[in-house]
Amino acid sequence: MTQDQLKQAVARAAIDYIKPKLFSDSIIGVGTGSTANFFIDFLGEIKSQFSAAVASSEASAIRLKKLGIEVLDCNSVSELVVYVDGADESNAQLHLIKGGGAALTREKIVRAVSKEFVCIADESKWVDVLGKFPLPVEVIPMARSYVAREIVKLGGAPVYREGVVTDNGNVILDVYNLKITDAIALENTLNQITGVVTNGLFAAKGADVLLLGAKEGVRTIFPKN
């Protein structure tokens, strides 16, 4: 199977996973990226089974609206029954690196409002130790150089993602050379640097379940303690 076929398979599996959880007044969270796009496309088939969605990016919101799915502002929602999104890396604890699509802050907000986070990914995203994929950090523009210097002190090699502005009007530093053995501690440390909006580690609140697409089929993985 190609990588796109694996992504389609996990997106379809996510539809099957969430359907029993939905009611006519359910509001769901929808992520951003290539795997999430396949999920959105399949979501159109069951749009009568839930009320509306909250999107983690403007791009996803546009895609949902084109399918006739109502998109709500997160401020008008007290709780999402489920949030479905992809990841750039996942380990056995279902700690994730996200933010390759520069939507990490809104993704963290949607995750925080959701009862359950269902991560969907192909097997190339499964790792023993996080950090091969550069860790995105969303930064207020005037603090970019300062934050970069502070990250260097932590052993990272930050690279400014030129030409990219987030939906929040901020910039992204992609941090290389990290071998992340304590994801929760690093997530908290990075978030304490003045000028950082948030970083792409989803460890303090990781995924509740991972649907992992492999050639032999979709595996359902729960966090390993």
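Residues numbered from 1 in each chain as written. Predicted model: local features only at pLDDT ≥ 70, side-chain atom pairs only at ≥ 80, totals over all residues. Heavy atoms only, no water.

## Notes on a nonpolar patch on the surface
So, step 1. A surface patch of nonpolar side chains, about 320 Å² in accessible area, is lined by I140, M142 and V197.
So, step 2. Taking the relative accessible area as the measure of exposure, I140 reaches 40% and is therefore partly exposed. (Patch = residues over 30% accessible without salt bridge, like charges linked within 9 Å, V, L, I, M, F, W, Y side chains within 5 Å. Areas by Shrake-Rupley, 256 points an atom, 1.4 Å probe, with all protein chains shown as cover. Salt bridge = Lys/Arg side-chain N within 4 Å of Asp/Glu carboxyl O. Buried < 20%, exposed > 50% of the residue type's maximum accessible area, 1.4 Å probe, protein only.)

## Concerning the side chain of S56
So, step 1. Inspection of the secondary structure assignment puts S56 in the loop between β2 (52-55) and α3 (58-66).
So, step 2. Owing to a relative accessible area of 1%, S56 belongs among the buried residues under this scheme.
So, step 3. In terms of polar contacts, S56 uses its side chain to reach the side chain of T32, at 2.7 Å.
So, step 4. Setting aside residues up to four positions removed in sequence, S56 forms contacts with V30, G31, T32, A103, R106, E107 and V110. (Helix = DSSP H or I, 4+ residues; strand = E, 2+ residues; numbered from the N terminus. Polar contact = N/O pair within 3.5 Å; in protein donor to acceptor, adjacent residues only side chain to side chain. Contact = heavy atoms within 4.5 Å.)

## Some points on the pattern of salt bridges
So, step 1. By the definition in use, this model includes twelve salt bridges.
So, step 2. Of the charged contacts, one joins R12 and E45 as a salt bridge, the two residues approaching to 2.9 Å between their closest N and O atoms. Pair noted here: R12 is in helix α1 (residues 3-18) and E45 is in the loop between α2 (34-43) and β2, with a separation of 33 residues, a long-range link.
So, step 3. With relative accessibility at 31%, the residue R12 sits in the partly exposed group.
So, step 4. For E45, a relative accessible area of 51% translates into the label exposed.
So, step 5. Between R63 and D41 there is a salt bridge, with the nearest N and O atoms lying 3.1 Å from each other. Of this pair, R63 sits in helix α3 while D41 sits in helix α2; the two residues are 22 residues apart in sequence, bridging distant segments of the chain.

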